[in-house]
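# Close look at the chain arrangement
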Amino acid sequence: MPTPFLGLDPASHGLTADLSRDIQELDLAMGEVLESQEGADLIECARKMVRGEAGLPADPGQIRRVARAFTVLFQLINAAEQKEIVRVNRVRRNESIGEAIATLKRHGRTADEVQALLERLWICPTLTAHPTEARRRVVLDKILEITMALADEETAGPDLRSPLDNEGRAESALRLALTELWQTDEMRQSSLTVREEVRNALYFFERTILDVVPWLYEDLERALCEHYPDRAWSVPRVISYRSWVGGDRDGNPKVTPDVTWQTLLDHRESVITSYIEALARLRWDLTNSVKLVPVSDAFELTLQEDLQAVPLTEIERTRYSQEHYVLKVRVMSERLRAMLGEIEALRRNQPAEEGIGYRNAGQFKADLEQIQESLRQNRGASLAEHSELKYLIRRADVFGFSLATLDIRQHSDEHEKAIRALFAAAGITDRYSELSEAEKVELLSRELVNPRPLVSPDFEPEDRVRDILEVFRVIRRAKRELSPNAIECYIISMTHGASDLLEVLILAKEAGLTRIRDGRIESDLDIVPLFETIDDLRGSAGLMAGLYRQEAYRKHLESRGLRQEIMLGYSDSSKDGGYLAANWSLYKAQRELARAAKEAGIELRLFHGRGGTVGRGGGRANRAILSQPPGSFSGQIRFTEQGEVISFRYGLRPIAHRHLEQIVNAVIVAAEESEGASPEPAEFDEAMEAMAAVSRSAYRKAVHEDPEFWNFYSQATPIEYISLLTIASRPVFRPGKALQGIDQLRAIPWNFAWVQSRHVLVGWYGIGAALGAFEDKELLKRMLHEWPFFKTVVDNAQLELTRAHIPTSRLYAARVEPASLGQRVQKTIEADYDETVSQILGISGQARLLEGSKTVRSTVEFRNPMVLPLNRLQLSLMDRWGSLTEEEQAGPWREAILQTIAGLAAAMQSTG
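Residues numbered from 1 in each chain as written. Predicted model: local features only at pLDDT ≥ 70, side-chain atom pairs only at ≥ 80, totals over all residues. Heavy atoms only, no water.

Between its terminal C-alpha atoms helix H36 (residues 854-881) stretches 40 Å, which fits the 40 Å expected from 28 residues at 1.5 Å a residue. Of all bends in H36, the biggest is about 45°, found at Asn 864, and the proline Pro 865 comes one to four residues later. (Helix = DSSP H or I, 4+ residues; strand = E, 2+ residues; numbered from the N terminus. Expected span 1.5 Å × (residues − 1). Bend = angle between axes of the 7 residues up to and from the residue.)

Structure below.
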């Protein structure tokens, strides 16, 4: 009789029968595989650790094997939970696109009003390479195979896989995939290169996004036709994608100008290859014979022209002489293949000769639409509307030949260095950095409207400045040789003043991306400030209002359709002032930025830089959309998709579909509600202002103003070892910085380490002090019931409080030296934890946290006994680390501690 790994009983923790069955099946399979691969001793050791009966292994190899067993188990449980999400979503109808359109109909919206609302919408998820995905792509593939095998066991339906005959095969496939997973090393042997990060991003486009986005449009069209059947609907482009991967230069010197150029070509090659594959499938749908059904005259005319221009073999021409749609598809395929040849020439920086390839995606889409129209005219309406053809037309419309528009991001300090060098070389000033902000703005404004270049083309600056200037030349080349929308915006990290934006415009002008003609400014690039700290968020509206009045910048905006995109940073603001103060600062910034833009006649588009954890703006994206300030939402929104969030949301098509349909639902609802929305009561605003001040003070006193806090943090979390992870090309610390303090540490590892130690401090600390100091508890109850923003903040904090595990965090604090420091800081943390829990329960009327989300709470409680062994293994390794030689630290001991980090990331389902 097979022996399970841990003998899990999920049902006793309140998990559903379907999920419990899957977890027990995986536990059994895990036991079989481990016994065959490692022997019964490892299983027994793991079981004793869960029961708290066993001491810790002494050998680093054995520690790693035990940690790997727990890591793989959590990966399997995560896979089972994803399958459960798919199952639940099949029968769930709330938060769907159909529900949103039904709501518009119920509210009395006419078809014209709905069409106008849809024309306003623009939803843009943006993939980033932020280093929070601890798993290799090959591991993700193995886990997906296991998920599919679970689905096969019950013939789960078209959402996953639907075999006609799977008797015994699914069980065998599951164990085979699990064996492969066990024998696959999760840990990379070297850090990812930027090109590998690009390929990882493309993986999700190719696996899910390219398929799911047309599916969403079909949902929207179906809902419109159902509720407004008397109208012939033309669904506008509502969703598009962008990416930072290969364009985000902030703190990553490995993102060179050439890497950015190669990334753009990777995007182009990927999407064109996907079109070729789709056309290969489409030709089997379009075998209509002209002997039986004619084609339209317009189609026939262009086909004959194509056959003159595009060489097909005589065999093909003869074989498909009666199947004219197949001939057209073959011509289109050859034109796309010719474009792949052009890409190879561009990779070698050779001129791409103009041949038979398409010049733009519009030509490709026009060919597809001509096939569609011919089908409609000749008894093929069903083929025109329900085949691969319609999906492909939508793909061509949304993704074009760029796949995802690439963003460029750089730190504001780097632009100042470049401007300083240019102004000095041009003889304008050699003391630019010494000027006041007002003096900089005046000088930059004057130079911006001056049509002459600052330096000659043979100007040779130092390497760092040359790289900055070269990026702008790459942007110009991409717009000319690839597509105008290959790159559309330039994001400025740590924007502090108006000069930060004007500097980038000067650099763009030097590359020909900004031109002065007849007193006008022509700009080819959106300049996007990123406000990240609480102080910068507070000053953002005043800064932008001043820029809107500034003549040169106003002319730039006029050339960009009087639209300004602004990015808001959730990670650094939380690290700076704590969770509650950061969220309130972000809320106020949105409200005030919207007001400033409206007064200036500017269309505002907000870009939300949300991370995976609540402390970095994570949580349910649709709820965040619905909790924006009244009047701040125009219907256009961008948000980042980062790290492990990408693999969770886009690993499976049905989960990607659900994620996107909830967002579309929320955007439609929020766009309608924003029309005539009333602001929240003044007393809510005043209460939040007071509480945010108390919370920020408590957070900063504990974290930033305590000179010993860094000493506690660096010992009571595995931050030192997180920097050893090879999960990204970008370093953990800002360039030139070391493991010396909080200010030098990036927000992602700051969060990552707190999650590992189970403090999860960044998602709740300071709330208890704020709620406790506010006397009017009845007002707080009203706010929780009536104000979506406050409810979202509190609900997200409840999740993080539940994920925190104080008994485990005490084990980490106990290793701090001196012991008095560990006890003092831990006592402060626990006091705020207890106060926060007590206050939230008091205003929510709950007996326990997450009383309305019992599934989430049950999942955490089910996992906790299995997470603790990983924490204990990690603590043991951290305690031994200091006594190891450098050679030992570079060998099995390093692999063991990194394995515990990966295991805890899987267990907690988040990193940074």
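With that settled, the discussion passes to the side chain of Gln 628. Relative to the elements of secondary structure, Gln 628 occurs in the loop between helix H24 (621-626) and strand S10 (636-641). Assessed through its relative accessible area of 12%, Gln 628 is described here as buried. Looking at Gln 628, its side chain comes within polar contact range of the main-chain oxygen of Ile 625, at 2.9 Å. If sequence neighbours within four positions are ignored, Gln 628 has contacts with Tyr 587, Gln 590, His 608, Phe 633 and Ile 637. (Buried < 20%, exposed > 50% of the residue type's maximum accessible area, 1.4 Å probe, protein only. Polar contact = N/O pair within 3.5 Å; in protein donor to acceptor, adjacent residues only side chain to side chain. Contact = heavy atoms within 4.5 Å.)

Right, let's get into unusual backbone geometry. A cis amide bond, omega 0°, links Glu 817 with the succeeding residue Pro 818. Among the structural elements, Pro 818 can be located in the loop between helix H34 (806-813) and helix H35 (819-844). Even without glycine at this site, Arg 379 takes up a positive phi of about 60°. One can find Arg 379 in the loop between helix H13 (361-377) and helix H14 (381-386). Of note in the backbone geometry, Arg 758 takes a positive phi value of approximately 70° without being a glycine.

The subject of this paragraph is the environment of Pro 718. One can find Pro 718 in the loop between helix H28 (709-716) and helix H29 (719-722). The class of Pro 718 is buried, set by a relative accessible area of 0%. Along the sequence, Pro 718 and Asn 288 sit 430 residues apart, while their C-alpha atoms lie 64 Å from each other. Among residues more than four places away in sequence, those in contact with Pro 718 are Ala 753, Gln 756, Tyr 812, Gln 874 and Met 878.

What the rule picks out here adds up to 30 aromatic pairs. Ring centres of Phe 205 and Tyr 241 lie 5.7 Å apart, and the angle between their planes is 80°; this geometry places the pair in the edge-to-face category. In this pair, Phe 205 is assigned in helix H8 (residues 194-227) and Tyr 241 in the loop between H8 and strand S2 (242-243), connecting sequence segments 36 residues apart. We note that Phe 205, like Tyr 241, is buried. Ring geometry for Tyr 358 against Phe 401: centres 6.4 Å apart, planes inclined by 45°, an arrangement best described as tilted. (Phe/Tyr/Trp six-rings, centres within 6.5 Å; stacked < 30°, edge-to-face > 60°.)

Attention now moves to the pattern of salt bridges. Throughout the structure, instances matching the rule amount to 83 salt bridges. We note a salt bridge from Asp 185 to Arg 64, for which the minimum N-O separation is 2.6 Å. In this pair, Asp 185 is assigned in the loop between helix H7 (169-182) and H8 and Arg 64 in helix H3 (residues 60-91), connecting sequence segments 121 residues apart. For Arg 700, the salt bridge is made with Asp 576, and the minimal N-O distance between the two is 2.9 Å. A residue pair is termed long-range when its members are at least 10 positions apart, and Arg 700 in helix H27 (residues 682-703) and Asp 576 in helix H22 (residues 571-577) qualify at 124 residues. Its relative accessible area of 17% is what places Asp 576 among the buried residues. Overlapping salt bridges bring together Arg 242, Asp 407, Glu 488, Glu 565, Arg 605 and Arg 638 as one network. (Salt bridge = Lys/Arg side-chain N within 4 Å of Asp/Glu carboxyl O.)

Mapped onto the secondary structure, Ala 280 falls in helix H9 (residues 257-285). Take Ala 280: its relative accessible area is 37%, and that puts it in the partly exposed class. Sequence-wise, Ala 280 and Glu 344 are 64 residues apart; in three dimensions their C-alpha atoms are separated by 22 Å.

A few words now on the packing of H9 against helix H15 (residues 388-399). Interhelical geometry of H9 versus H15 gives an angle of 165° and a closest axis separation of 10 Å. Comparing the axis directions of H9 and H15 gives the class roughly antiparallel. The way H9 lies across H15 gives a crossing that is left-handed. Facing Val 271, Tyr 275, Ala 278, Leu 279, Arg 281, Leu 282 and Asp 285 of H9, the residues of H15 in contact are Glu 388, Leu 389, Leu 392, Arg 395, Ala 396 and Phe 399. When grouped by side-chain class, the residues that make up the contact of H9 with H15 number nine nonpolar, no polar and four charged. (Axes fitted to C-alpha atoms, helices over the stretch in contact; angles between N-to-C directions. Parallel < 35°, antiparallel > 145°, perpendicular 65-115°, else oblique. Left-handed = near helix turned anticlockwise from the far one by under 90°. Nonpolar A, V, L, I, M, F, W, Y, C, P; charged D, E, K, R; others polar.)

Turning to the sheet that holds S10, a few remarks are in order. Read around the closed barrel, eight strands run S1-S2-S3-S4-S7-S8-S9-S10, paired in parallel fashion. Here strand S9 (residues 603-609) runs beside S10; their pairing, made up of three bridges, is parallel. When the sheet's bridge partners are listed, Phe 607 is paired in S10 with Arg 638. Its contacts with the sheet place helix H18 (residues 463-481) against strand S3 (405-411) and strand S4 (487-493), and it is angled at close to 160° to S4. (Pairing = 2+ DSSP bridges.)

On to the nonpolar core, then. Counting residues in hydrophobic clusters, the biggest one holds 158 residues, and the most contacted among them are Tyr 241, Leu 336, Phe 364, Leu 368, Phe 399 and Phe 472. Broken down by element, the residue count for this core peaks at 15 residues, all from H8. Phe 472 has contacts with Tyr 490, Val 504, Leu 507, Ala 508, Ala 511, Leu 513 and Leu 525, leaving out every residue within four places of it along the chain. (Core = buried A, V, L, I, M, F, W, Y, C linked by side-chain atoms within 4.5 Å.)

Right, let's get into the confidence of the model for the chain. On average, residues of the chain score 90 in pLDDT, and 93% of them are at 70 or above. For the chain, the element scoring lowest by mean pLDDT is H24, at 77; H34 scores highest, at 98. Segment residues 155-167: pLDDT under 50, and 22 contacts once partners within four positions in sequence are set aside and those in other chains are kept. Predicted confidence for residues 733-737 stays below pLDDT 50, and this span has 13 contacts to residues more than four positions away or in other chains. (pLDDT = per-residue confidence, 0-100.)

In terms of residue burial, strand S1 (residues 122-127) counts as a mostly covered element, since six of its six residues are buried. Residues Trp 122, Cys 124 and Thr 126 line one face of S1 and the alternating positions Ile 123, Pro 125 and Leu 127 line the opposite face, and both faces are buried. Bridge count between S1 and S10: six bridges; the pairing is parallel. Bridging across to S10, Pro 125 finds its partner in Phe 639. For S1 and S2, the ladder comprises two bridges, and the chain directions are parallel. The residue bridging Leu 127 from the neighbouring strand is Ser 243, located in S2.

For the rest of this paragraph, the subject is the packing of helix H16 (residues 412-425) against helix H17 (residues 437-448). Between H16 and H17, the shortest axis-to-axis distance is 13 Å and the interhelical angle comes to 65°. Note on packing geometry: the crossing formed by H16 with H17 is left-handed. Touching Glu 416, Ile 419 and Phe 423 of H16 are Lys 440, Leu 443, Leu 444 and Glu 447, all from H17. A breakdown of the residues in the contact of H16 with H17 according to their chemical character gives four nonpolar, no polar and three charged.

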